[in-house]
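Structural overview for review
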Amino acid sequence: SISRTDIYKKYKDEKGWIELLGHKTRSIEHARISKGINIQNIHIDIDRSKYYALPWYIDQVASYLIRYSDPQKSFNGRTLRVESIREGAASDSFSFTFSLSCYFDYLVTNWSRDRKFFHGLSVRSALEPGPRLSRLENSLCENHLGLSVLIVTQDGWTPLFVRSDAVIEFEGHLSPSVSGAANVDTFEGDM
């Protein structure tokens, strides 16, 4: 497993900064959006003609990587792959473009990232060899959009929950007030 510090060292000289809502960021860092954005200014586009496909050399070992990811605690489902995130012209809006995917593809490319599969080569090394990270539009990983929210009440309390024993990572640990991933069912009938 590679620590966040190791990833930073590997990609620290990356020139691939993107600007999102007035903040420059890289994929190993995050942008904090300091101003409120109306939900009407968040645009979501799903390209239903495009379906994510594992790179052939990863597809050849996908069942091995799924077994590694402890499938008895997981289930396959329709997910959305992030194709791009773009700031709107007015800078108080942004849009997400998604394509179709499935959860097992995420497990294979993102969750199994440090698993070795060919002569000591890891999934991460095969899909993101560096020295720069790929832009979302060029990424070979499944890259679904996760959401984590901490709610702080007016009297200063932050509700946290214990993660289920049926999840793939950090089972039984404290989790954010709200969390999840963008999936197809979320947007059914709304597009």
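As shown above, the structure is provided for reference.
For the structure given in this document, a descriptive report is provided here. (Residues numbered from 1 in each chain as written. Predicted model: local features only at pLDDT ≥ 70, side-chain atom pairs only at ≥ 80, totals over all residues. Heavy atoms only, no water.)

1. A short note on a nonpolar patch on the surface
Taken together, the side chains of L147, V149, I151 and V178 define a hydrophobic patch exposed on the protein surface, amounting to about 280 Å² of accessible area. Inspection of the secondary structure assignment puts I151 in the loop between β8 (146-149) and β9 (161-162). (Patch = residues over 30% accessible without salt bridge, like charges linked within 9 Å, V, L, I, M, F, W, Y side chains within 5 Å. Areas by Shrake-Rupley, 256 points an atom, 1.4 Å probe, with all protein chains shown as cover. Salt bridge = Lys/Arg side-chain N within 4 Å of Asp/Glu carboxyl O. Helix = DSSP H or I, 4+ residues; strand = E, 2+ residues; numbered from the N terminus.)

2. A few points about the environment of N183
Among the secondary structure elements, N183 is positioned in the loop between β11 (178-181) and α6 (184-187). For N183, a relative accessible area of 24% corresponds to the partly exposed category. Considering only alpha carbons, one finds N183 and L145, 38 residues apart in sequence, at a separation of 8.5 Å. Excluding residues that lie within four positions of it along the chain, N183 makes contacts with R78, T79 and L80. (Buried < 20%, exposed > 50% of the residue type's maximum accessible area, 1.4 Å probe, protein only. Contact = heavy atoms within 4.5 Å.)

3. Describing the nonpolar core
Generally speaking, a soluble globular protein has its nonpolar side chains buried in company with each other. L54, I58, L65, L107, V108, F117 and V123 are the most contacted members of the largest nonpolar core, which totals 17 residues. Contributing elements (two or more residues each) for this core: α3 (62-68), α4 (103-111) and α5 (123-127). Among the elements that take part in this core, α4 stands out by supplying 5 residues, more than any other. With residues up to four places along the chain from it excluded, the contact list for L65 reads I58, V108, S112, R115 and V123. Within the second largest apolar cluster, 9 residues are counted, among which are I46, V82, A182 and V184. (Core = buried A, V, L, I, M, F, W, Y, C linked by side-chain atoms within 4.5 Å.)

4. As for the pairing of strand β5 (residues 94-102)
Counting buried positions over the 9 residues of β5 gives 7, a clear majority of the element. Pairing geometry for strand β3 (residues 42-51) and β5, over 7 bridges, is parallel. Across the sheet, I42 pairs through a bridge with F94, a residue of β5. (Pairing = 2+ DSSP bridges.)

5. Things to note about the packing of aromatic side chains
The tally for this structure, following the rule as stated, stands at 4 aromatic pairs. Measuring from ring centre to ring centre gives 5.1 Å for F94 and F96, while their planes differ by 70 degrees; the resulting arrangement is edge-to-face. F96 shares its class with F94; the two are buried. Clustering of aromatic rings is evident, with ring pairs tying together F94, F96 and F98. (Phe/Tyr/Trp six-rings, centres within 6.5 Å; stacked < 30°, edge-to-face > 60°.)

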